[in-house]
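Here is what each chain is made of, one letter per residue.
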Amino acid sequence: MNPEITPTPPPPLPNPTHNSAKLELQPLGAPASFVVVIEALLRHPGRILNECKQRSSKVPLILLVAAVLGLAVFGALLGTFSGGTQYWASPVKVVGGVLASLIICLPSLYIFSALGGIEARLPQVVGMLLSMMALTALLLLGFTPVVWIFSQSTESVGFMGFLVLAFWVIALLFGFRLLVSAAGTFGMTGGLYLTIWMGIFLVVTLQMSTALRPLIGTATTLLPEKKMFFLEHWIQETGGTANSSGNAHYGR
């Protein structure tokens, strides 16, 4: 007779109500330098949040510098697609557009944070926002070799636009994830408010990219002569109104 074998029960499923997104607030552990802050942002973001609670901390300024540098390098790589004026125009537009989006969306983030139960003052909310943006910029910086390869090997504005958009959304999603974790650390109880804000911020950045076009390709003017909604602009570009090199209507 074969002995009766008792089946092993499957491991318990994770409890969806358990908030595992909270970050552990710890001291930075070293003087706030650029390298120390970037390493903490990637490995121990709770240390960044803890430093943002200190009014005399240099961490928010370092996060801002990191975001600007990452965005500038990413924009410069976009400029290599067309060359000429775009060598300096693309990084200026990318940095300026993202910073403008952050300023535009900061008041709504503070209000939605309060409505969501986050116990944080305005400087802490700014620290959360800069942490999100610095991480996003660092991820974009990691994508720059791929952007450079395609900028040197294709003339398709449509494909480059799709590639840049995909990288932006991917990087921003990781930034949003950090923002959600930071909000949970500061006591967020209503996640719907933060979700709405993240949707607003994404739409604002997409509209900003259209308002400052062209970021890739070329145009007769530095800024567009016609106002346009970003979905309308995408439909127009994918509908064949621009030629393969992006010289026809991309900036108008």
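This structure is a prediction, so every number in the text was calculated from the model and none was measured.

What counts and how
Think of each chain on its own: its residues are numbered from 1, step by step along the sequence as written. Side-chain atom pairs in this predicted model are given and counted only at pLDDT of 80 or more, local residue features only at pLDDT of at least 70, and totals for whole chains, interfaces and linings cover all residues. Note that the side-chain values use all heavy atoms of the structure and ignore hydrogens as well as water. pLDDT measures the predictor's confidence residue by residue and takes values from 0 up to 100. In this description a helix means any DSSP run of H or I spanning at least four residues, a strand means any run of E spanning at least two, and both kinds are numbered starting from the N terminus. When checking whether two residues touch, look at their non-hydrogen atoms; a contact exists if any pair is within 4.5 Å. Within this scheme, the nonpolar core is defined by two criteria: the residues are buried Ala, Val, Leu, Ile, Met, Phe, Trp, Tyr or Cys, and they are joined through side-chain atoms within 4.5 Å. Burial classes: relative accessible area under 20% of the type maximum marks a residue as buried, over 50% as exposed, and values in between as partly exposed (1.4 Å probe, protein chains only). A pair of aromatic rings is counted whenever rings of Phe, Tyr or Trp (Trp by its six-membered ring) have centres within 6.5 Å, and the orientation is called stacked for planes under 30 degrees apart, edge-to-face for over 60 and tilted otherwise.

K.L.:
Sorry if this is basic, but what is going on with the confidence of the model for the protein chain here?
P.N.:
Any residue range with low pLDDT should be treated as having predicted coordinates unsuitable for detailed reading. Overall, the predicted model of the protein chain reaches an average pLDDT of 82, with 85% of residues at or above 70. No element of the protein chain has a lower mean pLDDT than helix 8 (residues 230-241), at 67, and none a higher one than helix 3 (residues 59-79), at 94. Taken as a whole, residues 1-20 scores under 50 in pLDDT and shows 1 contact with residues more than four places along the chain or in a different chain.

K.L.:
What am I meant to see in the nonpolar core here?
P.N.:
If you look at soluble globular proteins, the nonpolar side chains tend to sit buried side by side. In this structure, Met 132, Trp 197 and Phe 201 are the most contacted members of the largest nonpolar core, which totals 60 residues. Contributions of two or more residues to this core are made by helix 1 (34-43), helix 2 (45-52), helix 3, helix 4 (86-115), helix 5 (122-153), helix 6 (157-185) and helix 7 (191-211). In terms of residue count, the dominant contributor to this core is helix 6 (13 residues). What Trp 197 contacts, discounting residues up to four positions off in sequence, is Cys 105, Ser 108, Leu 109, Phe 112, Leu 129, Met 132, Phe 176 and Leu 179.

K.L.:
What's the story with the packing of aromatic side chains in this structure? I'm lost.
P.N.:
What characterises a pair of aromatic rings is the spacing of the ring centres plus the angle enclosed by the ring planes. Enumeration according to the criterion identifies 5 aromatic pairs in this entry. Relative to Tyr 193, the ring of Phe 112 has its centre 6.4 Å away and its plane inclined at 50°; by these criteria the two rings are tilted. On the criterion of sequence distance, the pair formed by Phe 112 in helix 4 and Tyr 193 in helix 7 is long-range, its members being 81 residues apart. On the basis of an interplanar angle of 15° and a centroid distance of 4.4 Å, the ring pair of Phe 143 and Phe 167 is categorised as stacked. One end of the pair, Phe 143, is in helix 5; the other, Phe 167, is in helix 6, with 24 residues separating them in the sequence. Here the aromatic residues Phe 176, Trp 197 and Phe 201 are joined through ring pairs into a cluster of three or more.

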